[in-house]
Every structure is written in C-alpha cells, then in structure tokens.
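A structural walkthrough
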Amino acid sequence: MTPFRRTQRTTLPAARLRSLLSMAIIIGTGLAGCGGADTGSQLAKAQQRLNEGDTTAAEIEVRNVLKNQPELAAARLVLARTLMAGGNLPAAETELRRADEFGASPESTATARAELLLAQGRAAALVEQFATLNVADATTRADILTLVARAQRDLARPVEAEASVAEALKLVPTHEPARLLQGRLLAARGDFKTALRVADDLIRDRPDRGGAWTLKADLLSQPGSADTQAALTAYRKALELQPRQVDAHSGLITLLLREGDVAGANTQVLAMRKAVPSDPTGRYYESLLAHLRGDFARARELLQPLLRGGASDPQLLFLAGVTELRLGGLEQAELALGRAHQARPDAPEPRVELARLHVQAGRSDKARALLAPLLQANTASADAWLLAAQAHALEGDFAAADAAFGRASQLKPDDPRIRTERGRSLVSRGQLDPGLRELQLAATSDRTGLAADLQLVSVHMLKNDTAAAVKAADAMAAKQPQQALPDHVRGRILQAAADLPGARAAYEKAVAKDPRFLPAVSSLAQLDLADNQLESARKRYEALVKVDPRAAPAWMALAVITRREGGSRDKAAALVEQAVKANPLDATAWRAAVAYHRQDRDTAAALSRARSATAALPDDADLLADLARAQLAAGDVQQAQGSLARLQARRPTSAEVALLMAEAHLAAGDTQRARSLVTKALTLDGSSVPALRAAIGLAVQDQQPQQALALAREVQKRLPQQALGWQLEAEAETLLRRWPAAVGAARKAYEREASTAQAIQLHDLLLRQGDEAAAGRLEREWTTRHPRDLGFVLHQAQTAAAAGRLPAAIGHYRQALEIQPGNAPVMNNLAHVLVLNNDPAALAVATEAFKLAPQAPEVLDTLASALGKARQWDKAIAAQTRAVELLPQDGSYRFRLAQIYRQADKPEQARDELQRLADTGLKFPEQAEAQKALRELTR
C-alpha cells in the first residue's frame, strides 16, 4: 500500500512550514534598546537553525534569549514560527499574541499570522484577511501573497492562486517561495514543460538551495513519467544540499515505494528519522512500512501519537483506518476511514476501504452505496468490482456477483485474488467442485501468495479430504520453503485428523524455521498442556520471549500456565504486567490483559488493569469500552455510565456503544431508558445482530410478537440467501414457545447454512417439540458427515445430561475428549456426570481435571463432590473451601461446603457456613434449601 493519490503533497497535519519571512525583518523587529548585538546574533542563529529545519536547536536558542528578555517581541515571533514548524500550533498562536502584546508591529507579524492560518487549515480566513493587506515592505508583501496563493490553491481556486503568485513575482521577481509555487501551479494544470523550466531556472539562479531540486524531482516523479532515475537523482541532490528538507525525504520515499523498492524506502525513512527526528512525517512513513510488511500492531503503535489531538490529514487517517481494519478493529477503522473520505471525497482509496469494511461487517447495502459512484463512472478499480461482487454475494444476488467478478477479471485477468474470491463465492453457495477448480487455478497462478492455497485447505477440510488438504499445504511449502506458515497449516490438518505425532513434527519444523512464529509455538504448547506437560509448555513460551521480548501473547500464556500450575494470582499478574510492558502502546496487549483477569474471575484486577490501559492509551475507544465493562462487572454503575458517556462522544454512531449504555441503565434499574437505547442501537445499525437480538427479546417481553417477527423477516428480505434472518425468527418463536414455527424457521436457516450452530439450533428445537425421530435423523446425518465436530458432540452431551440420560452423556463427553484431549472444562463436565451417576471413575477423572485447572472453582467444586462420594471428607472440605475462596460471590459453592460438613458429621461447621451465607444476602438457586438447613441446625 502506497499513499493514495493527492492533488498536492502535504506530509501530515503538523507538516513543517518553510521559511518565508525575511531574516532581516525578524532580527530588526523590537531590538532597539533591548540587548544589542548579542541578542541579534542569538536570534539570527535561531533563525538559521529554523531555516535548516532543526526546530529543536532553534527553540533552544530562542528560549535562551527569552530567559533574559521575556518581553522581547522579536524573540516571541521567532519562537512562534519555531513552534509552528514543529507542529505545536496552539503554543505558536500564544506566542504570536505575546509578540503583539510586547510591541511587535502588525506588519512584522503578518506573515507569521498568515502561516498559522494556513497550518490550521483555515484557508478561507487567510484569503479574506490577507489577500488585500497592504504592507510597506515588498518582500513581506510577496511572502503574504505566496501564502494567499497557497490558500487559494487549497480552496480549488487555481486562477486566483496564479494571479496572486504573479503579483508576488512582480514585487520581487527573484522571490523563491513564489517561484516554487508557480512551478507547482503550472504542473497542476498539466503544463509540466513550463513547470520544469521554472525549476531549472531556480536551480541555475540558486544552485545551493534544495527547494528547486525538490520541485524538479516532484515533476519528474509524476505517475507515467519515463524519467524515474532522474527524479531519484534530483531528490538526492535536494537532500545533499538540505539534509533536513522534509518534502524531499517524503517525495523520495514515496517514489521508492511506487517503484517497489521497499528496502530502499526503509533506508530513506531511517535517514529521515535521523535528520529530522522531531518531525512526525518520518514516523508516518515508518508506520506505513510496518503496514506493508504486515506488522499491523507496530503500525498502530507508531500511528497512535500522530492521531492524538484530532488529526485531520486524510492520508494519515487513511493509513490508520486500513491498519485498524487489518487488525479487526472495525469501529476504529470506520471512524478513521470515514474522516479520510469526508476530507477527500474525490479519492477512491478511502471509499474502497470503507466498502471493504462494510463487506467484512456484512453491511452489503452500505458497501454498494459507497462503490456506486465509482462503478457508474466506470472508474472503478479491480478491487472495487471485487468488493461489489462480494456485496452482491452477501445479498444472495449471485447473478450480479458473477457479473462483477467478471468485470474485476477483465481489469486484472491474472490477479489470483479475484479467482480466489470467486472460488469462495461458489463454495459459500454449496458449489464445492467448481469452487475448488477456481481456487486451484488461483493457487497455481499465484507463485508466491498463499491466500488461495489457504482457502483450498479450508475447502478440502470441509469435505473431510485430509489427503487433499495435506497436498495443498505441501504446495504452499514448495512456494515459500523458508516460511513457517505452510508447516503450521500442515500441523493443523494432521491435528484435526487425530495424527498428533505428525502434527507435532510439523509444528516443530515451523518453529525451527522461525522461532518467533507464535502460532506454531502455541500449537505445540497446547499439545503439551493436553498431555499435562506444563513444564514443557512453559519452556516453549520462555524460549519465545527470550528471542522476542515484545511477544505479549507469550507472556499472557505464561500467566495462564502459572495459574494452572497452582501459582498465585500475584505471580501470574507479574507476567501479565510483562505482557503490557513489552509493548505499552499496543492496545491489543492491554485488552488481552483485561480479558485474562476477567477470565480468572478477578474483578478487581480487571478493573485496575482497564484503568491503567486507558491511562496509557487515552484515545483508544476499545479500551474505554473495556473499562466500562469492568466497572459494570464491579458494580460501579455510575462510573461505568461516565465512561460510556465519554465513549459515546467518540463513537456517536456506534450501535455497540448504545447497547453497552442500555446494559448500564438496566443495571441502574432504568428499564425505560435501556429500552430506548436498544431502539437507538437498531436505528444506528439495522444489521447489528446483538441489537436485533436485544430488540427481539424486548418485543417478546413486551408481548409484541409481531414486532419481534417483523425484525427477523426484515433481515430475511434483505439477505434472503443467508441463514441469519431465519435463525432470528427461530429464536423469536423459541422465546414465544411456539415450537412448530420455531422448528420451521430453524430448518430454513439450516438449509441455507449447514453449520454447527444451525445444526445445534434445529436439533434442540426438534427435541423441544418432542419429535425425537427427526432429531435422531438429524443427529445421525450430522455426525456421519462431521464425526469430529466438537461443538455438536458437546451439545449432544449437554442435552443428554439435561434429560437425565447420564450414560449417554458420559459417552458423548468421552468422545469429546478423544477429539480434544486435555480439555479441562470437558473433563470437569464428565467428572460431574460420573458423580451424578455414582460411577467409581468419577474421582479419577475429577483429579485429572484438577491437574489441568487447579485454580478453577468449578473444577474444585466437582472434585469436592467426587471426594465426598468416596467419603474422603477432609480432602473434600479442603477442595470446597478453596472453591469458596476463589469465588466468594457464588452462594452455591458455600452451600455445598455446608452440605459436606453435614455429611462429614460436623454440624457446627455446617451451621457456621450457612449463617455466613445468610449474612451475605447473596441470591442463589438453593437459597430456600439453605434456609431450611440452617433452621434445622439451630433448633
């Protein structure tokens, strides 16, 4: 990805402003009687540093003057221009005001005030205030007219801009800034020949200045120019003359990227960062290069400081948007891309990326609306047609989708991405064989890319064709023999086929190629954990953080292993701290840390971590949302509402935020406000599944079944070939307990999408309806086609257990453990059912589950029950006591502790536990039983 097309080069919102003001005027302003030659010399030195682009040195020089003469107007003026050059516009405005207060003449500050307006993006105000301003000094007037011309160009008034430049050159024919702008204006109207002559004349007149060389390089580097080498030479000459010239660095980097010389661009970015370390443009290009090499987390980290303070540069916003999109931050991406699109509605790139976001989110109508102007004007790229095809496919309009795929293919007949997406479209509508053919062609034609190969693997696995999937993985390895990914994919295939030794060998091969490849390290560690080899898993992650200390997920995994080994929360928390310290500007690491504490059921730690996260990254809306959730979990509803109010100010059109606010108001007891917020969420995004579900639930609760069904049927109308609308109708009918209608809707959803979720929903509804024969047929059909579908097997186990068919439940849980050995929750559920079935194997299985998850209260609860069945009372009491300590807010755990005391013939301890439980005021399912037991024990 290179920067998208622009009518002019603007680096960033804080772009450096070139010196337009005469040094003689600055030095001569307000010096009389205020310090003499030394002060003048210091200010001249500061101005020289500023002209060279060294804003840091310039600021040091001028502040040294101000220490002794704080009311020196000329020094305040130099400081204002230095701050402007560094991008600190509010401070620059303050210093200009001080210069006026300390006696600077309006004429001496006029140019700086015009520069400030231009830097603030207030082009119209600049023209209004300065176009007709008369000043005595010809050079100052030429400076101002040049700034006016720049503003007129920004306002798309090129004729007026050229007139202003002509007037400036009439006053001062050798005025360099005006001549440079004249060349750019000529190029903007297509007169490159005359523009080049202007540049060459400037070079002849001022061979020691870099600006003219930069202009010439910009002209030679225009797309389609046959003289790329001459442009590169000109940029390098400009930097030889003025190494701190940001525009020359920017132009050279952009040209290198356009030519595909990423290594050269990277070298130039490093040179730029060294030459002008305080300029944000270098950071922008560094983030762009990180994005290009796929390191999106690093790109986001570099962009964060540039985005603070309401950045408005469309190119910066575009890069931030596509980076967030690649990281899955859809709301952040939509906000940034939307602002980039508003700033440059003529640029196709933000429009196309916004459409990509809407396709990814399933909002096909919005995607088509964005693409329509490009498609209708016949200026759409292959990417735009590809996205249009995907949008039509989402809506089930496959004729339109195929036509759009065809247009994309015409524009890029050899692009494997188009074939890949066409193959995906065919597969999604059940046409596996034609889809496979397209994907195979795409994989074959793309000699380096792996997207089509990965999709091929997925389709072969969908068909349970392990041999074909392995063959596709081997083809990937042949394309990129040094890459770890193909070996990792091979490992995943073999693991799914229960060939664990083969999977382990493939993962080991991937790690040998790239010790930093986290997915393969994690896959090996998960196999170790399944075998209860905690030390081996730990060593793998420790080896990874040794070579890559910034690998936050590895530090998080070490925290999880520490808890599983029985380590304290404090010890694990220290590892979580390492994860966020590894990359404190990585919002993903902070979010993972908050999620870890939440899963560890440590509400206080989750809240504390969320507060630290928002302090470190105050502009990250996702972290603010996590803080609000943590505050709600901690019962601090008022604080949560405050956080959500700030979040809503940043994301006023977010359905997710409206739903979070509804949750907060519901927690506060304001049901009416919660309902209105659910309605608002649905208004903001009619495609939001959580909003649809919440609205359907409210409609059923309000005894408005027709409204609930109308919401589901609107989705069916919009997306007739997708399962979602029928799934929502089945959920609504389920809430209404109308089983035949619910089954009918679920069957239609299953016909459109034969997924695990749809199979489970239909199977469950058939059982509720009492049609066990149909449920049995579906069960046999699904398990025959998908014998290792863990989700469906667990559904079978839970369904059997709920129906009291304990032997069947035990069989299904054992089958689940064959599919995924070492799954602690599954093993715990098996142990629980064995306890209920009075099976002697219960204690052994519960003990194995405890080894896998020694700090999980539900596992300790089951172990205590199994120990009680074995009449090992002391051990049972110890296990249940630990469960209560880990989750004191769960009244059921303490009640069961009291029960164990009674069974162990320890009535006093049982009474004490029941009294403590009554004193807490907790609500729990066995509350009536607990009250009865307490009365019996206190007689």
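Residues numbered from 1 in each chain as written. Predicted model: local features only at pLDDT ≥ 70, side-chain atom pairs only at ≥ 80, totals over all residues. Heavy atoms only, no water.

Turning next to the overall build of the chain. Along the chain, the regular secondary structure elements total 54 helices and 0 strands. Seen through its principal axes, the chain has C-alpha atoms that stretch 105 × 65 × 60 Å. Residue burial in the chain is summarised as follows: out of 939 residues, 51% are buried. Taking the intrachain contacts of the chain between residues at least 6 apart in sequence as the baseline, contacts between residues at least 24 apart amount to 52%. Total accessible area on the chain is roughly 42000 Å²; 51% of this is exposed by carbon and sulfur atoms. Of the charged side chains in the chain, 119 are positive and 109 negative; the average position of the first set lies 1 Å away from that of the second. (Helix = DSSP H or I, 4+ residues; strand = E, 2+ residues; numbered from the N terminus. Buried < 20%, exposed > 50% of the residue type's maximum accessible area, 1.4 Å probe, protein only. Contact = heavy atoms within 4.5 Å. Areas by Shrake-Rupley, 256 points an atom, 1.4 Å probe, with all protein chains shown as cover. Lys, Arg positive; Asp, Glu negative; His and termini not counted. Charge placed at Lys NZ, Arg CZ, Asp CG, Glu CD.)

A word on the nonpolar core. Ile 253 and Leu 371 are the most contacted members of the largest nonpolar core, which totals 70 residues. The element contributing the most residues to this core is helix H22 (residues 382–394), with 8 residues. Setting aside residues no more than four positions away along its own chain, Ile 253 makes contact with Ala 265, Gln 268, Val 269, Met 272 and Tyr 285. Counting residues in hydrophobic clusters, the runner-up holds 58 residues, among them Val 459, Ala 557, Ala 587 and Tyr 596. (Core = buried A, V, L, I, M, F, W, Y, C linked by side-chain atoms within 4.5 Å.)

Oppositely charged side chains are able to pair whenever their charged atoms sit close together. Counted by the stated rule, this structure contains 61 salt bridges. Between Asp 200 and Lys 216 there is a salt bridge, with the nearest N and O atoms lying 3.0 Å from each other. Highlighted residues: Asp 200 in helix H11 (residues 192–205) and Lys 216 in helix H12 (residues 210–220), separated in sequence by 16 residues. Asp 201 is paired through a salt bridge with Arg 204; the nearest N and O atoms lie 3.0 Å apart. Separated by 3 residues within a single helix, Asp 201 and Arg 204 lie in helix H11, roughly one turn from each other. Each of Arg 326, Glu 353, Arg 356, Asp 383, Asp 415 and Arg 417 takes part in salt bridges that share partners, so that together they form one network. (Salt bridge = Lys/Arg side-chain N within 4 Å of Asp/Glu carboxyl O.)

This part covers helix H44 (residues 756–769). Taking 1.5 Å per residue, 14 residues should reach 20 Å; H44 reaches 20 Å between its end C-alpha atoms and fits that length. Three or more residues of H44 are buried, namely Gln 758, Ala 759, Gln 761, Leu 762, His 763, Leu 765 and Leu 766. Looking at the buried side of H44, the elements it contacts are helix H42 (724–735), helix H43 (739–752), helix H45 (772–785) and helix H46 (790–802). One or two positions beyond H44, positive phi appears at Gly 770, with a value near 90 degrees. (Expected span 1.5 Å × (residues − 1).)

On to the packing of aromatic side chains, then. One pass over the full model with this rule turns up 4 aromatic pairs. Plain terms: the ring middles of Tyr 284 and Tyr 285 are 5.1 Å apart, the flat faces sit at 75 degrees to each other, and that makes the pair edge-to-face. Aromatic side chains Tyr 750 and Trp 782 sit 6.2 Å apart centroid to centroid with 55 degrees between the ring planes, which places their arrangement in the tilted category. With Tyr 750 in helix H43 and Trp 782 in helix H45, this pair connects stretches of sequence that are 32 residues apart. (Phe/Tyr/Trp six-rings, centres within 6.5 Å; stacked < 30°, edge-to-face > 60°.)

Taken over all residues, the pLDDT of the chain has a mean of 86, while the share at 70 or more is 94%. Contacts of residues 4–37 to residues separated by more than four positions or lying in other chains number 101 contacts, the stretch itself having pLDDT below 50. (pLDDT = per-residue confidence, 0-100.)

As a further point, take the packing of helix H7 (residues 123–130) against helix H8 (residues 138–154). A packed helix pair is summarised by two numbers, namely the angle formed by the two axes and the spacing between the axes. Remark: H7 packs on H8, axes separated minimally by 9 Å, with the N-to-C direction vectors making an angle of 140 degrees. Relative to H8, the element H7 is oriented oblique. Relative to H8, the crossing made by H7 is left-handed. Contacts from Ala 123, Leu 126, Val 127 and Phe 130 in H7 reach Arg 141, Ile 144, Leu 147, Val 148, Ala 151, Gln 152 and Asp 154 in H8. For the contact of H7 with H8, a count of residues per class yields 8 nonpolar, 1 polar and 2 charged. (Axes fitted to C-alpha atoms, helices over the stretch in contact; angles between N-to-C directions. Parallel < 35°, antiparallel > 145°, perpendicular 65-115°, else oblique. Left-handed = near helix turned anticlockwise from the far one by under 90°. Nonpolar A, V, L, I, M, F, W, Y, C, P; charged D, E, K, R; others polar.)

This part takes up helix H54 (residues 927–937). The complete set of buried residues in H54 reads Ala 930, Ala 933, Leu 934 and Leu 937. The buried residues of H54 occupy one face: seen down the axis, they fall within an arc of 100 degrees. Along H54, the residues that are exposed and aim more than 90 degrees away from the buried face are Ala 928 and Arg 935. Among the structural elements, helix H52 (891–903) and helix H53 (907–920) are those in contact with the buried residues of H54. (Arc of directions from axis to C-beta.)

What follows deals with unusual backbone geometry. Across residues other than glycine, the phi torsion is negative in most instances, and most of the peptide bonds are trans. Of note, Ala 498 is a non-glycine position whose phi angle comes to about 70 degrees, a positive value. Mapping Ala 498 onto the fold places it in the loop between helix H28 (485–496) and helix H29 (500–513). Residue Ala 498 is classed as partly exposed on the basis of its relative accessible area of 42%. Not every positive phi belongs to a glycine, and Arg 737 is a case in point at roughly 60 degrees.

Another aspect to go through is the environment of Arg 675. Tracing the backbone shows Arg 675 in helix H39 (residues 671–684). Measuring from C-alpha to C-alpha, the distance between Arg 675 and His 795 comes to 32 Å, with 120 residues separating the pair along the chain. In contact with Arg 675, other than residues within four places in its own chain, are Leu 698, Gln 701 and Asp 702.

The N-to-C vectors of helix H26 (residues 451–462) and helix H27 (residues 466–479) enclose an angle of 170 degrees; their axes lie 8 Å apart at closest approach. Taken together, the axes of H26 and H27 are roughly antiparallel relative to one another. Contacts between H26 and H27 involve Asp 453, Leu 454, Leu 456, Val 457, His 460 and Met 461 from the first element and Ala 468, Ala 469, Ala 472, Ala 473, Ala 475, Met 476 and Lys 479 from the second. Here the residues of the contact of H26 with H27 sort into 10 nonpolar, 1 polar and 2 charged.

Within the fold, Ala 572 resides in helix H33 (residues 569–582). Ala 572 sits 315 residues away from Leu 257 along the chain, and the two C-alpha atoms are 44 Å apart. Those residues in contact with Ala 572, other than ones at most four positions away along the chain, are Ala 559, Thr 562, Arg 563 and Tyr 596.

Within the fold, Ser 688 resides in the loop between H39 and helix H40 (689–701). Look at Ser 688 and you get buried, because its relative accessible area is 11%. Separated by 34 residues in the primary sequence, Ser 688 and Ser 654 place their C-alpha atoms 10.0 Å from one another. Non-local contacts of Ser 688, meaning those with residues more than four positions away in its chain, are made with Ala 655 and Leu 659.

The subject of this paragraph is the side chain of Asp 620. Within the secondary structure, Asp 620 sits in the loop between helix H35 (603–616) and helix H36 (621–633). Here Asp 620 occupies a buried position and makes no salt bridge, while the nearest side chain of opposite charge, Arg 300, is found at 5.2 Å. Engagement of the side chain of Asp 620 in a polar contact is seen with the backbone nitrogen of Leu 623, the distance being 3.0 Å. Residues in contact with Asp 620, not counting those within four places in the same chain, are Gln 304, Gln 332, Ala 587 and Arg 650. (Polar contact = N/O pair within 3.5 Å; in protein donor to acceptor, adjacent residues only side chain to side chain.)

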